[in-house]
Amino acid sequence: MTARRATVSAVAAVLAAALLVILLVTWAASIGPSGVLRGDGIEANRSAQPSASLSTPTGTERVSDRDRVAQSRPDGANPVIRTIAFLVEIATACLVLYLLFRLAGWLRQVYDARRRRDPRAEEVDFEVIDAPAAVAREVRGGADEQRLLLQTGGMPGDAIIACWHRFETQAEAAGMSRRPAETSSEFTLRILGLIDADRGAVTRLGRLYREARFSGHEMTEADRAAAVEALDLLHRGLMVASGRGRS
Amino acid sequence: MQTSGQMSVADASALAGRVLDEVEKAVIGKREALMLVLAAVLAKGHVLLEDFPGLGKTLAARSFADALGLDFARAQFTPDLLPADLTGSFLYDQRKGEFEFRRGPLFTGLLLADEINRTPPKTQSALLEAMQERQVTVEGETFKLPAPFHVLATANPIEYEGTYPLPEAQLDRFLLRVSFGYPTSDEEYGVLARRLARRQEEVDLDRVTDAEGVLAMQAAVEGVRVDESVGRYCVALAAATRPHPDVLTGSSPRGSLGLVLAGRAFALLRGRDYVIPEDVKVVARSVLAHRITVKPELWMTEASGRRVVDAVLGEVPTPSTLEAPGRR
C-alpha cells in the first residue's frame, strides 16, 4: 500500500468512526437515559406505564418509584428530559452538518489544488499544424524590412533590439503569440527552432540582443555589423530551405 | 593556482569554470547542481543540500573546499551537540593562569554541517546566527569568523524520526536549497569506472584557487549588472508566491534579494557581466522553494514549495522585449 493510499484509508476510517459515534449519540438521545441504561426498549417502558400507576392504589413508595421511571421516559412523561434530548438532537444535527460542510470545503480545496496541477485541465495552447510554414513565410517576407531596420534603426543597441522584436511580430502575424511567462529569447528561439533556422546565426543574434537589452553596454557599429551578418545568414538559410521545398 | 585582488568577470568566470571541472572529477554528472552550489558561494551565501543518503552531498562539500582552497571543517550534528561545540569555548590554561579561547569548527572557510536537522534548535540557532552575522559571541566576547565563511548544510528528506526540522525563519537564511538527485545509469557507471581506475577510495583534487581568489571572484560578482526590469521580475516572482492558493506563507523579501544575488553569480558562471531573465528562472526553484510554507490541509496532495515556484514561473510576466521608453 502506498503512503498516499494509506493516508486516504486513515482519513476514511476516522470519518467512518466519527459518523458511527454521532449515530450512536443520536440514537441514545432519542430513546432517553433509562432506555440506554436498562435496555428495556421504548415499547417495554410504554406497556409498563399504565399498570404501574393503576395497580398500586395504597403503596405510595412503590408508586413514587415507578413515577420516577415514568418521568425519565422520553415519551412525554418528563418534559425536562424530553427538552434536553431534543436539544441534544439539534446539536448533533448541527455538528453533522458543520462537519459535512468542512469536509466538502476541504474536498473542494484538494480538488482545486489537483486541478491546478493537472496539465490536462490547463488551457491548451494549440499550435496550428502549418504554423512553422506560416512563420517561415512571414520571416522570409519581412526579411528586407527587418534588415533595413537593423541597419538604419538608430543606435546599434536599439536597432538590434528592434530587429529581434521583429521576429516576435512576424510570429504573431503567423498566429503564434508569446506567452506572458515566456522570455523573449525563449519565444524567439522556439519559433526559429520550429522553422529550422541556422542555429549559429540565431545564437549570435540572440546573444547580441540580450547584451543590448540587459547589459547596459554601449553597443558598437561592429556589433551591428555582426548582427547584420547573422541575420543575413539566417535569412539565406530560410530562402534555401524554401527553394528546396518548392523543388 | 590563481589568486588576484582585482579580477574581471571574464577571469572570474574562467576560474569558476576550472573549479567546477575539478569538482566534477569527484562528483560526476551533476554540473548544474554544482553550478548552483558554486553560485551560492560566489554570492556569499550558504547552501542547504537536501537529498537522500549516498548521493554525494558530503563529497561535493569536501571537493569544493579542496578546489577552492578553503579550510574545511565538518561538524556532525547529533542530538547532544551543544552550541559551544560549534563556536568554541574558554578553557583555563594552568601554566598561564588565564582563560584562553579555543576555537570551534565554525572558524573555518567551508563548514559542512552534516545532518543539520538532527540537532536541537538551540544548537541550530547558534549556527544560523553565525551564518547571518559572520561572528560569534562567547562569554560576552565577540569573535569575527574568517572570510570567506560558507556553510554547506545537509539534511535528509526522509527519516524524520528524532529530528528537529528547521523552522521557516531559519530556512530563510540559506540562499539556496539544492538537491543532486539520483544519477542516470551512465553517470552511475562513471562513478564505478573512475573508482576502479584510480585504485583508491580518496579522490585527489587539485587546488584551483585559494581564499583570496574566492574573495576576488565574489568581488567580481558585485560588478554584475542587474537591469531594473530583471530586478522587478525577481520582486514579482517572490510576491506571486504570497497569494498563491496553496500557500500559507509565501517568500519574504529575502527571497527576491536571493534571486538577484544568485542570478548575478549564475550569470558570472555563464561568462556574462549582466543578468538575463533566464538566469533568474534557473535559480528560482532553489532560491524560493524552501521559503514557502504550503497550507497544512493540503498534506494529502502533492502541493509543495517547488510546485508553487513552478506555477509562479509559468504565470509571472517576464521583462518586455523592448526596453521601457526613455531608459537608455
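Small disclaimer: the values here were computed from a predicted structure and weren't measured.

(A) Representation of unusual backbone geometry. For the peptide bond that leads from A147 of chain B to P148 of chain B, omega is 0 degrees, which places it in the cis range. Within the secondary structure, P148 of chain B sits in the loop between β7 (141-144) and β8 (150-155). Its identity is not glycine, yet D196 of chain A carries a phi of approximately 55 degrees, on the positive side. Assignment of secondary structure puts D196 of chain A in the loop between α9 (184-194) and α10 (199-215). Not every positive phi belongs to a glycine, and R199 of chain B is a case in point at roughly 60 degrees. Mapping R199 of chain B onto the fold places it in the loop between α7 (185-198) and α8 (211-222).

(B) Spatial organisation of the interface of chain B and chain A. Contacts between the two partners involve 35 residues from chain B and, on the opposite side, 36 residues from chain A. The interface formed by chain B and chain A includes two salt bridges. For D227 of chain B, the salt bridge is made with R213 of chain A, and the minimal N-O distance between the two is 3.4 Å. The tally of links between chain B and chain A comes to 18 residue pairs in polar contact (both at pLDDT 80 or more). Breaking the side of chain B that touches chain A down by element, the ones donating at least two residues are α9 (228-240), α11 (277-288) and α12 (305-313) of chain B. Considering each element in turn, the side of chain B that touches chain A owes the most residues, three residues, to α11 of chain B. Per-class residue counts for the side of chain B that touches chain A are 15 nonpolar, seven polar and 13 charged.

(C) View of the packing of aromatic side chains. Scanning all chains against the criterion turns up nine aromatic pairs over all chains. Among the aromatic residues, those joined into a ring-pair cluster are F90, F101, F107 and F143 of chain B.

(D) Structural view of the side chain of E278 of chain B. Here E278 of chain B is to be found in helix α11. Despite its burial, E278 of chain B remains without a salt bridge, the nearest opposite charge being carried by R210 of chain A at 5.2 Å. Of the polar contacts made by the side chain of E278 of chain B, one reaches the side chain of T183 of chain A; its length is 2.6 Å. Setting aside residues up to four positions removed in sequence, E278 of chain B forms contacts with T183, S185 and E186 of chain A.

(E) Quick look at the nonpolar core. Judged by nonpolar contacts, the single largest core of 74 residues is most densely connected at L38, L42, F64, L68, L237 and L259 of chain B. Excluding residues within four positions of it along the chain, L68 of chain B makes contact with V19, L38, V41, T209, D210, A211, V214 and M217 of chain B. Counting 33 residues, the second-largest nonpolar core is a separate cluster that includes L150, I161, C163 and A212 of chain A.

(F) Region of interest: the sheet that holds strand β1 (residues 47-50) of chain B. All names here are of chain B. An order of β2-β5-β8-β1-β9 is seen for the five strands of this open sheet, with the pairing classed as parallel. Single-partner strands in this sheet number two, and they are β2 (72-76) and β9 (176-178). Adjacent strand axes in the sheet meet at a mean angle of 20 degrees when their direction is disregarded. Here β2 pairs with strand β5 (residues 110-114) via five bridges, running parallel. Bridge pairing in β5 places R74 opposite L112.

(G) Region of the structure containing the packing of helix α2 (residues 31-42) of chain B against helix α10 (residues 253-269) of chain B. Residues and elements named next belong to chain B. Taken N-terminus to C-terminus, the directions of α2 and α10 make an angle of 115 degrees; their axes are 8 Å apart at the nearest point. The handedness of the crossing between α2 and α10 is right-handed. Taken together, the residues of α10 that come into contact with α2 (itself represented by M35, L36, L38, A39 and L42) are A262, A265, F266, L268 and L269. Classifying every residue of the contact of α2 with α10 gives ten nonpolar, no polar and no charged.

(H) Spatial organisation of the packing of α9 of chain A against α10 of chain A. All names here are of chain A. Here α9 crosses α10 at 165 degrees, and the two axes come no closer than 11 Å. By the angle between their axes, α9 is roughly antiparallel relative to α10. Where α9 crosses over α10, the handedness of that crossing is right-handed. Residues S184, S185, L189 and L192 of α9 pack against V202, Y209 and R210 of α10. Of the residues assigned to the contact of α9 with α10, the class counts are four nonpolar, two polar and one charged.

Reading guide: rules and limits
- Residues numbered from 1 in each chain as written.
- Chains lettered and ligands numbered in written order.
- Predicted model: local features only at pLDDT ≥ 70, side-chain atom pairs only at ≥ 80, totals over all residues.
- Heavy atoms only, no water.
- Helix = DSSP H or I, 4+ residues; strand = E, 2+ residues; numbered from the N terminus.
- Contact = heavy atoms within 4.5 Å.
- Salt bridge = Lys/Arg side-chain N within 4 Å of Asp/Glu carboxyl O.
- Polar contact = N/O pair within 3.5 Å; in protein donor to acceptor, adjacent residues only side chain to side chain.
- Nonpolar A, V, L, I, M, F, W, Y, C, P; charged D, E, K, R; others polar.
- Phe/Tyr/Trp six-rings, centres within 6.5 Å; stacked < 30°, edge-to-face > 60°.
- Buried < 20%, exposed > 50% of the residue type's maximum accessible area, 1.4 Å probe, protein only.
- Lys, Arg positive; Asp, Glu negative; His and termini not counted.
- Core = buried A, V, L, I, M, F, W, Y, C linked by side-chain atoms within 4.5 Å.
- Pairing = 2+ DSSP bridges.
- Axes fitted to C-alpha atoms, helices over the stretch in contact; angles between N-to-C directions.
- Left-handed = near helix turned anticlockwise from the far one by under 90°.
- Parallel < 35°, antiparallel > 145°, perpendicular 65-115°, else oblique.

Coordinates in, geometry out; function isn't part of it.
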